[in-house]
Amino acid sequence: MTHLLHTTHRPPLAKAYNHDHRRPHRPPPHDPSLLELKEGLKPRFIHRPPHAKAYDHDPSTHSAKAFNTALGFWKELYPSMNRLMTTSCTGEGVVPDDEEMTGNFFRVSCTDCCINLLASSASASEAYICSSFIAPSPGIRRPISSNHVQNVTVQKLCQKRVITGVNGESPGPLVQVNEGDTLIVHAINKSPYNITLHWHGVFQRLSGWADGPEYTTQCPIQPGNSYIYKFTITGQEGTLWWHAHVQVLRATVYGALVIYPRQGRSGYPFPVPYKEYPIILGEWWNANVVDVENQALATGGAPNVSNAFLINGQPGTYKLEVSHGKTYLLRIINAALNTQLFFKIARHNMTVVAVDASYTNQYVTDVVLVAPGQTTDVLLTANQSIGSYYMAARGYISASGVAFDNTTTTGILVYKHSNSSTPEMPTLPAYNDTDTAFKFNSNLTALVKSKTWKEIPPTVDENILMTVGLGLVTCGKNATCAGPLGQKFAASISNFSLQFPTKLSMLQAHFNKIKGIYNATLPNQPLVSFDYTNTSNSLNQSLVFTSKSTTVKEVKYNTSLQIVFQDTALVGAENHPMHIHGFNFHVLAQGFGNYNPSTDPNKFNLVNPQLRNTIGVPVGGWAVIRFRANNPGVWLMHCHLDEHLTAGLGTAIIVDNGGTPSSTLPPPPSDLPKC
């Protein structure tokens, strides 16, 4: 089901990212509807009787039943719907403002057997969600929702700024689905920038055209155009997220994606929490982020650092009320562009139960580290004295001698009936506390008996060592740039600095066998071997320079890959959160220094290694991952520090078709954007 609609199921006074999931505490029941996209992208939901074949029926014979069922659902969900005024089947009904429905209205029409729900905003007339939804009943849900990407004016840090948001919001709509649902999102670009939407961590089995990274799986959606993302979420439960995958627009274009078990919250492998809340950590600039990036690209230097961090879009004003003795599930997402973040709540422990939509063995901690791109689900029990306590986040800065945002963002955990006016502040780790960072990252293990567990490939077809780090490219003849040695900052994998194509996406070129867009010559080992983490090699001019190209790795379907990510110290060692699209991987081991292929395999966890889609490679160290390439398509692999991706720290893994219908990527949709 398209749960961009489901974001509006909450009572309007319970704002996005600050609502009570008990009402409803799960996505609505399933529904045996089918969806057709007619000309003009008009959503049409056709209710079919049980056992009727897909598209083999007369929808008019079931429209009234579907409408009545849908209306009954909404009346049950919102009691004030009982006052819904409906003049006719094709008429409109309006619910007066009240404590439940303030600022919203329903438009009911059974012409297409659907309910359209528009959420309006007094502060921004463009802030709305236009969705279509058919009545809930047991079965599969496939609704459609519109996602309007456009500029919106917001005020933060006492300044008004025009940002790019979704449906007038940042963070954008909260998407809630059940495992097995098909999600269909109509992305409409009303912004002045090219845009794409990436569904971070979603496997995209045979739906790589919907993955979203620009010039990798699609050309961007140009201003004034649109694209429909359609994919089914299978084999995943927990917290993921979605964001723009064009330039730095994900600084404001992002939101949470929550995947519930098929049977609802009763399917959790831990006690069902009293309530659930997304906690999205973001990053804010008192500037146009596109201008910040363009300035860095023009000068060859590092981009200006952010001015603040955010919790659920707020720089220090977010509040979360809890009841004493109750347990809550916090779904923590790091949506920051360039900063890993420590997160802590004064006097409270947290129990990690999942990372990157994969269940873990329970791990009790008083601090969580989340890198950009990562998600961490924790159980929080309100077991302290009734009062108020700060939840706080600030950066983990692994690189030495660099400018960084040294601010701390806070929210307030308030116990019900508390009279405390001064919240207690937690003691956060130091900015450069690598010991705490490594302890957290290396102590997580997978819950092997859970539904998200995948078996470790027992053998390895290809062993790969990839160096990941910063370098330089030449500034140009008779020019001086703002990077070290008067050159331009760059970043690379095995000294190949990624340059995205612009004429066609890599997936289109691969699917249509078009040459000249990329070259599949990325080696399994760096062409030059050296003492990777030895700081005496810093700015070694025989090693530090790289060059731009679209160099990728191509493998046969079902190949088992083991990759060693090796940090380098050519322009300072740093923790790099490496993300692979289209797959989860097992994190077998992590360590410091140069990876030793003779002794370090003795450290491999081959029993219950954590499953992730993003792993922070330790500063001045390495991480070993393993996975099976059983998803045909072109999958971007990159550092999730946005400034490093922009500088070239990325590549793609191309997985060939497997020769059967279930292992062959279907053709692209007809509305795939053109370059």
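Everything numeric in this text was worked out from a predicted model, so none of it was measured.

Draft legend 1. Examining the overall build of the protein chain more closely. Along the protein chain, the regular secondary structure elements total 5 helices and 37 strands. Evaluated residue by residue, the protein chain yields a buried proportion of 62% over its 675 residues. Taking the contacts inside the protein chain whose residues are at least 6 apart along the sequence as the reference set, 76% of them involve residues at least 24 apart. Taken as a whole, the protein chain presents about 25200 Å² of accessible surface, with 50% of it coming from carbon and sulfur.

Draft legend 2. Inspection of helix H2 (residues 289-299) at higher detail. Those residues of H2 not exposed but buried are Val289, Val290, Val292, Glu293 and Ala296. Projected down its long axis, H2 carries its buried residues within an arc of 160 degrees, all on one side. Where H2 is buried, its residues meet helix H5 (642-647). Where H2 ends, the next residue or the one after it, Gly300, has phi of about 85 degrees, a positive value.

Draft legend 3. Focus on the sheet that holds strand S16 (residues 318-322). The mixed open sheet is built from 5 strands, whose spatial order is S16-S24-S23-S18-S21. Edge positions in the open sheet fall to S16 and strand S21 (368-370), since each of these has one partner strand only. Here the average twist between neighbouring strands, direction ignored, is 25 degrees. Here 3 bridges tie strand S18 (residues 340-345) to S21, and the two strands are oriented antiparallel to one another. Within S21, the residue paired with Phe342 across the bridge is Leu369.

Draft legend 4. A look at the environment of Val402. Structurally, Val402 is set in the loop between strand S23 (388-396) and strand S24 (408-415). Sequence-wise, Val402 and Ala302 are 100 residues apart; in three dimensions their C-alpha atoms are separated by 9.4 Å.

Draft legend 5. Up close: the state of the cysteines. Per the stated rule, a full pass over the model turns up 2 disulfides. Paired through a disulfide, Cys219 and Cys675 show a sulfur-sulfur distance of 1.8 Å. Sign of the S-S torsion, about -75 degrees for the bond between Cys219 and Cys675, identifies this disulfide as left-handed. Within this pair, whereas Cys219 is found in the loop between strand S10 (197-200) and strand S11 (226-232), its partner Cys675 is found in the segment after strand S37 (650-655), the two being separated by 456 residues in sequence. Of the residues examined, Cys219 reaches a relative accessible area of 1% and is grouped as buried. Linked covalently through their sulfurs, Cys475 and Cys481 form a disulfide whose S-S length is 1.9 Å. In this structure the cystine formed by Cys475 and Cys481 twists about its S-S bond by roughly 75 degrees; its chirality is therefore right-handed.

Draft legend 6. Geometry of the sheet that holds S10. Taken together, the 4 strands give an open sheet; going across it, the order is S8-S13-S12-S10, and neighbouring strands pair in mixed fashion. Across the chains shown, the open sheet's two edge strands, defined by having one partner strand only, are strand S8 (175-178) and S10. When the angles between neighbouring strand axes are averaged without regard to direction, this sheet yields 25 degrees. Taken together, the 4 bridges between S10 and strand S12 (residues 238-244) define a ladder with antiparallel strand orientation. Paired with His198 across the strands is His243, a residue of S12.

Draft legend 7. Representation of the nonpolar core in the model. Core analysis: the biggest nonpolar cluster contains 50 residues, and Ile563, Phe565, Met578 and Phe627 have the highest contact counts within it. If sequence neighbours within four positions are ignored, Ile563 has contacts with Ile464, Met466, Ala623, Val624, Ile625, Phe627, Met637 and Ile653. Listed in part, the 45 residues of the second largest apolar core include Val175, Trp242, Val248 and Val289.

Draft legend 8. Just unusual backbone geometry, in detail. For the bond from Ser170 to Pro171, the omega torsion is 0 degrees, close enough to zero to count as cis. With respect to the element layout, Pro171 can be found in the loop between strand S7 (159-166) and S8. A positive phi is found at Arg347, a non-glycine position, where the angle reads about 65 degrees. Assessed through its relative accessible area of 55%, Arg347 is described here as exposed. For Asn495, which is not glycine, the phi torsion reads 70 degrees and is therefore positive.

Draft legend 9. Broad picture of the pairing of strand S31 (residues 576-580). The buried count for S31 comes to 5 of 5 residues, which makes it a mostly enclosed element. Burial along S31 is two-sided: His576, Met578 and Ile580 facing one way and Pro577 and His579 facing the other are all buried. Where S31 meets strand S34 (residues 614-617), 4 bridges bridge the pair, whose relative direction is antiparallel. Each bridged residue has a counterpart across the sheet, and for His579 the counterpart in S34 is Thr614. As paired elements, S31 and strand S36 (residues 633-639) share 3 bridges and run antiparallel to each other. Residue His579 lies in a different strand from S36, and its bridge partner there is His638.

Draft legend 10. Up close: the pattern of salt bridges. Considering all chains together, one arrives at 11 salt bridges under this definition. A salt bridge links Arg250 to Asp642; its shortest N-O distance comes to 3.6 Å. One end of the pair, Arg250, is in the loop between S12 and strand S13 (254-260); the other, Asp642, is in helix H5, with 392 residues separating them in the sequence. Each member of the pair, Arg250 as well as Asp642, is classed as buried. Linking Glu462 and Lys553 is a salt bridge whose minimum nitrogen-to-oxygen distance equals 2.7 Å. Remark: Lys553 occurs in strand S29 (residues 553-555) and Glu462 occurs in strand S25 (residues 462-473); sequence separation between them is 91 residues.

Draft legend 11. Layout of the side chain of Glu179. Residue placement: Glu179 occurs in the loop between S8 and strand S9 (182-189). A polar contact of 2.8 Å, which involves the side chain of Glu179, links it to the backbone nitrogen of Gly235. Filtering out sequence-adjacent residues up to four positions away, Glu179 remains in contact with Ile233, Thr234, Gly235, Gln236, Glu237, Ile259, Tyr260, Pro261 and Arg262.

Draft legend 12. Examining helix H3 (residues 434-442) more closely. Among all positions of H3, only Thr434, Ala437, Phe440 and Asn441 are buried. One side of H3 holds all its buried residues, which, seen down the axis, span an arc of 130 degrees. Residues of H3 that are exposed and point over 90 degrees away from its buried face: Asp435 and Lys439.

Draft legend 13. Structural context of the confidence of the model for the protein chain. Across the protein chain, the average pLDDT comes to 82, with 78% of residues at 70 or higher. In this model residues 1-144 is a low-confidence stretch, pLDDT under 50, and it forms 322 contacts with partners more than four residues away in sequence or in other chains.

Draft legend 14. Region of the structure containing the side chain of Gln566. With respect to the helices and strands, the residue Gln566 is situated in strand S30 (residues 559-567). Separated by 3.3 Å, the side chain of Gln566 and the backbone oxygen of Gly621 make a polar contact. Not counting chain neighbours up to four residues away, the residues in contact with Gln566 comprise Leu465, Met466, Thr467, Val468, Tyr532, Thr533, Gly593, Asn594, Tyr595, Gly621 and Trp622.

Draft legend 15. How the structure looks around the packing of aromatic side chains. Taken as a whole, this structure holds 18 aromatic pairs when the rule is applied. With a centroid separation of 5.4 Å and 45 degrees between ring planes, the pair formed by Trp199 and Phe231 is classed as tilted. With a gap of 32 residues between them, Trp199 in strand S10 and Phe231 in strand S11 connect regions that are remote in the sequence. A relative accessible area of 0% places Trp199 in the buried class. Taking the centre distance of 5.5 Å and the plane angle of 75 degrees together, the rings of Trp209 and Phe511 count as edge-to-face. With a gap of 302 residues between them, Trp209 in the loop between S10 and S11 and Phe511 in helix H4 (residues 506-511) connect regions that are remote in the sequence. A relative accessible area of 4% means that Trp209 is categorised as buried. By relative accessible area, which is 27% here, Phe511 ends up partly exposed. In textbook terms, an aromatic cluster arises when at least three aromatic residues are bridged by ring pairs, as seen for Trp199, Tyr227, Tyr229, Phe231 and Trp242. The ring of Trp284 has Lys156 lying over it, and the distance from NZ or CZ to the ring centre is 5.6 Å. The ring of Tyr274 has Lys326 lying over it, and the distance from NZ or CZ to the ring centre is 4.8 Å.

Cut-offs used in this document
Residues numbered from 1 in each chain as written. Predicted model: local features only at pLDDT ≥ 70, side-chain atom pairs only at ≥ 80, totals over all residues. Heavy atoms only, no water. Helix = DSSP H or I, 4+ residues; strand = E, 2+ residues; numbered from the N terminus. Buried < 20%, exposed > 50% of the residue type's maximum accessible area, 1.4 Å probe, protein only. Contact = heavy atoms within 4.5 Å. Areas by Shrake-Rupley, 256 points an atom, 1.4 Å probe, with all protein chains shown as cover. Arc of directions from axis to C-beta. Pairing = 2+ DSSP bridges. Axes fitted to C-alpha atoms, helices over the stretch in contact; angles between N-to-C directions. Disulfide = S-S within 2.5 Å. Core = buried A, V, L, I, M, F, W, Y, C linked by side-chain atoms within 4.5 Å. Salt bridge = Lys/Arg side-chain N within 4 Å of Asp/Glu carboxyl O. Polar contact = N/O pair within 3.5 Å; in protein donor to acceptor, adjacent residues only side chain to side chain. pLDDT = per-residue confidence, 0-100. Phe/Tyr/Trp six-rings, centres within 6.5 Å; stacked < 30°, edge-to-face > 60°. Lys NZ or Arg CZ within 6 Å of the ring centre and 35° of its normal.

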